[in-house]
Amino acid sequence: MALQAIKYQRGKLQILDQLKLPYQEIFIDITSSHDAWNAIKKMQVRGAPAIAIVAALSLAVWLVSYLREIDEADEANEDQQNQTRNMVETLQQMLKFLVSSRPTAVNLSDAARKLEQVIITSSHQPDASPRRVAEAYIAAAEQMLANDVHDNESIGKHGASWLLGNLDSPGKISVLTHCNTGSLATAGYGTALGVVRALHAQRCLQHCFYTETRPYNQGCRLTGYELIHDQIPATLITDSMAAALLHLKGKSERIAAVVVGADRVAANGDTANKIGTYGLAILARYHGVKFLVAAPRTTIDLETPSGTDIVIEERPQIEVTTIKGPPVKHLEPTSVDVQVGEIKEISIAAEKTKAWNPAFDVTPAPLIDAIITEVGVVVKENGLFELRKIF
Ligand SMILES: CSC[C@H]1O[C@H](OP(=O)(O)O)[C@H](O)[C@@H]1O
């Protein structure tokens, strides 16, 4: 069964607490915008598409509980117009609050903008009411969840096809990927990891190399977890091994491309992605390996002209100076049960260490060979990405 970071049914939302992976699979309930904000901020759920979907669905769950409380009498109340306006304003404030949780990924603000448009449009209908506004919102949020998996499967298909169509020699290929862009970063299947899954499904993947992706370790903790779960041939490398891998094993392992995800693609194609991505793009160019960005159009921000305009999130120093270790297990002498303790935060730096912790960097468009989307692969024309053409 495919891995799921998000479990949703109308009125109930749960997320897999990714701070506890790969040691513990623990789902936590999200019942409000505050629950979602905290989970996104702490990175219990992460990944540009996933945080947008969890944010959107958190309000859908809250609205279902709200609708249960509105009884018929309220709905008959003559000041429906006022109540509808209050509903719209409440949802607008909640969406704005959710967008404040993390600044770099555009999917969250893109989803909030689209959902705000839905509630405003529904509030202008002749039969407008709080219930109708709520129902319109819930339907739109649920559609975002359904769209994401479909978009990721299309990204995988387009990416695999483009790679196999641009090979120096026929045969299976290997790829190097960074961070986690799979089912744990989306509603399912993944973006860059979706390309890996598609190549594997077509029996065209020789091997997937993936970086540990310090300091949150999305690679060794999450991508490894997914690839091993799917039984995809893969090898973990430290971030510092990427150059040696391409230099010493690039040809023998038929590494055809570095394939990464994205948090925000600016109008000119400059791409913000997990810290370390920019360095991989330079290595790929130096070693004559394709560098591909895989992302749905919800990650492309035509309102941001270039990478210099993208806000890069800086996270707490402690995420650099500690690592999360497996929980301490207590074996009770009188019982065979194993009591699993809390995930351990282990210091790996000297006391009073000062650390810089930008969560993302920006890869300039000239270093990107192609941008893989759900509607096809975009390459540069006269040295420039024309991203408006795919909308
Ligand atoms: C399809 S996920 C896109 C993107 O999100 C990740 O960042 P984070 O783990 O901090 O949310 C990473 O940059 C992925 O490439």
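Counting starts from 1 at the beginning of each chain's written sequence and moves along it residue by residue. pLDDT decides what is reported in this predicted model: residues at 70 or higher carry local features, side-chain atom pairs at 80 or more are listed and counted, and totals for whole chains, interfaces and linings draw on all residues regardless. Note that water and hydrogens are dropped before the side-chain values are worked out from all heavy atoms of the structure.

If you check an unreviewed UniProt entry, the protein chain appears there as Methylthioribose-1-phosphate isomerase from Heterodermia speciosa. UniProt positions are given in the numbering used here, feature names are shortened, and annotations may be inferred rather than shown by experiment. UniProt's Catalytic activity (unreviewed entry) comment on the protein chain is quoted here verbatim: "5-(methylsulfanyl)-alpha-D-ribose 1-phosphate = 5-(methylsulfanyl)-D-ribulose 1-phosphate".

### What about the UniProt feature "site: Transition state stabilizer" (unreviewed entry) in the protein chain?
Taken from the UniProt record, the annotation "site: Transition state stabilizer" (unreviewed entry) applies to Cys179. Helix numbers and strand numbers start at the N terminus; a helix is a DSSP run of H or I with at least 4 residues, a strand a run of E with at least 2. Tracing the sequence through the fold places Cys179 in the loop between β4 (173–177) and α7 (192–201). Note on classification: 1.4 Å probe, protein chains only; a residue is buried when its accessible area is under 20% of the maximum for its type, exposed when over 50%, partly exposed between these limits. What makes Cys179 buried here is its relative accessible area of 7%. What makes two residues a contact is simply this: any of their non-hydrogen atoms within 4.5 Å. Once you skip the residues sitting within four places of it in the chain, Cys179 turns out to touch Arg46, Thr211, Thr213, Gln218, Gly219, Thr223 and Lys274.

### Overview of the sheet that holds strand β10 (residues 290–294)
Pairing between sheet strands relies on hydrogen bonds along the backbone, with the strands arranged either parallel or antiparallel. The mixed open sheet is built from seven strands, whose spatial order is β6-β5-β4-β7-β10-β17-β18. Edge positions in the sheet fall to β6 (234–237) and β18 (376–378), since each has one partner strand and no second. Taken pair by pair, the neighbouring strands of this sheet meet at an average axis angle of 25°, ignoring direction. Two strands are counted as paired when DSSP detects at least two bridges linking them. With four bridges connecting them, strand β7 (residues 255–260) and β10 associate as parallel partners. Within β10, the position partnered with Val260 by the bridge is Val293. For every element, the axis is a line fit to its C-alpha atoms; helices are fit only across the contacting stretch, and the angle between N-to-C directions ranges from 0 to 180 degrees. The strands touched by helix α8 (residues 218–229) are β5 (205–211) and β6; relative to β5, the strand with the most contacts, the crossing angle is about 160°.

### Notes on the packing of helix α4 (residues 80–99) against helix α5 (residues 106–123)
Direction vectors running N to C along α4 and α5 enclose 175°, while the axes themselves pass 10 Å from each other. Classified by the angle their axes make, α4 and α5 are roughly antiparallel. Note on element contacts: α5 touches α4 through Leu108, Ser109, Ala112, Leu115, Glu116, Ile119, Ile120 and Ser123, opposite Thr84, Val88, Leu91, Gln92, Leu95, Leu98 and Val99. Amino acids are sorted into nonpolar (Ala, Val, Leu, Ile, Met, Phe, Trp, Tyr, Cys and Pro), charged (Asp, Glu, Lys and Arg) and polar (every other residue, Gly among them). Among the residues making up the contact of α4 with α5, the classes are represented as 10 nonpolar, four polar and one charged. Here the angle decides the label: under 35 degrees means roughly parallel, over 145 means roughly antiparallel, 65 to 115 means roughly perpendicular, and every other value means oblique.

### Overview of the site of the ligand
By convention in these notes, a residue is near a molecule or strand provided one of its non-hydrogen atoms lies within 4 Å of it. Neighbouring the ligand are 18 residues; Gly47, Arg102, Asp263, Asn273 and Lys274 lie closest to it. Note that an oxygen atom of the ligand is positioned 2.5 Å from one of the side-chain N or O atoms of Asn273. Contact with the protein chains hides 99% of the accessible area of the ligand, taken as 400 Å² for the molecule alone. Considered class by class, the residues forming the shell around the ligand number seven nonpolar, seven polar and four charged. Domain segmentation is taken from an automatic or database assignment of domains. Both of domain 1 (6–148) and domain 2 (155–390) provide at least three residues apiece to the shell around the ligand. Two N or O atoms count as a polar contact when they lie within 3.5 Å, although within protein this holds only if one can serve as hydrogen donor and the other as acceptor, and sequence-adjacent residues are included solely when both atoms are side-chain atoms. Exposure was quantified through the Shrake-Rupley algorithm and a 1.4 Å probe, taking into account, for residues, occlusion by the shown protein chains and nothing else.

### Overview of the sheet that holds strand β16 (residues 360–363)
Read from one edge of the open sheet, four strands run β11-β8-β9-β16, paired in mixed fashion. Two strands lie at the open edges of the sheet, namely β11 (300–301) and β16, each paired on one side alone. As judged from the two bridges shared by strand β8 (residues 264–266) and β11, these two strands associate in the parallel manner. Each residue of the ladder has a partner; that of Ala266, found in β11, is Asp301.

### Some thoughts on the environment of Gln143
Inspection of the secondary structure puts Gln143 in helix α6 (residues 130–165). Under the relative-accessibility criterion, Gln143 is labelled partly exposed at 44%. When the C-alpha atoms of Gln143 and Ile53 are compared, they prove to be 9.8 Å apart, with 90 residues separating the residues in sequence.

### A closer look at the domain arrangement of the protein chain
Assigned domains within the protein chain: domain 1 (6–148) and domain 2 (155–390). Of the residues lining the interface, 30 residues belong to domain 1; the matching set on domain 2 comes to 37 residues. Buried surface area refers to the total accessible area, computed with a probe of radius 1.4 Å, that the two partners give up upon joining, counted for both partners together. Taken together, the two surfaces of domain 1 and domain 2 that pack against each other cover about 2,700 Å², and 53% of this comes from carbon and sulfur. Considering only the side of domain 1, the residues that lose the most area to domain 2 are Tyr23, Arg46 and Thr104, jointly responsible for 24% of the buried surface there. Think of a salt bridge as a Lys or Arg side-chain nitrogen and an Asp or Glu carboxyl oxygen that are within 4 Å of each other. Inspection of the domain 1/domain 2 interface yields one salt bridge. Of all the secondary-structure elements, those providing two or more residues to the side of domain 1 that touches domain 2 are α2 (48–69), α5 and α6. In terms of residue count, α5 provides more of the side of domain 1 that touches domain 2 than any other element does, five residues in total. Taken together, the residues that form the side of domain 1 that touches domain 2 break down as 15 nonpolar, six polar and nine charged.

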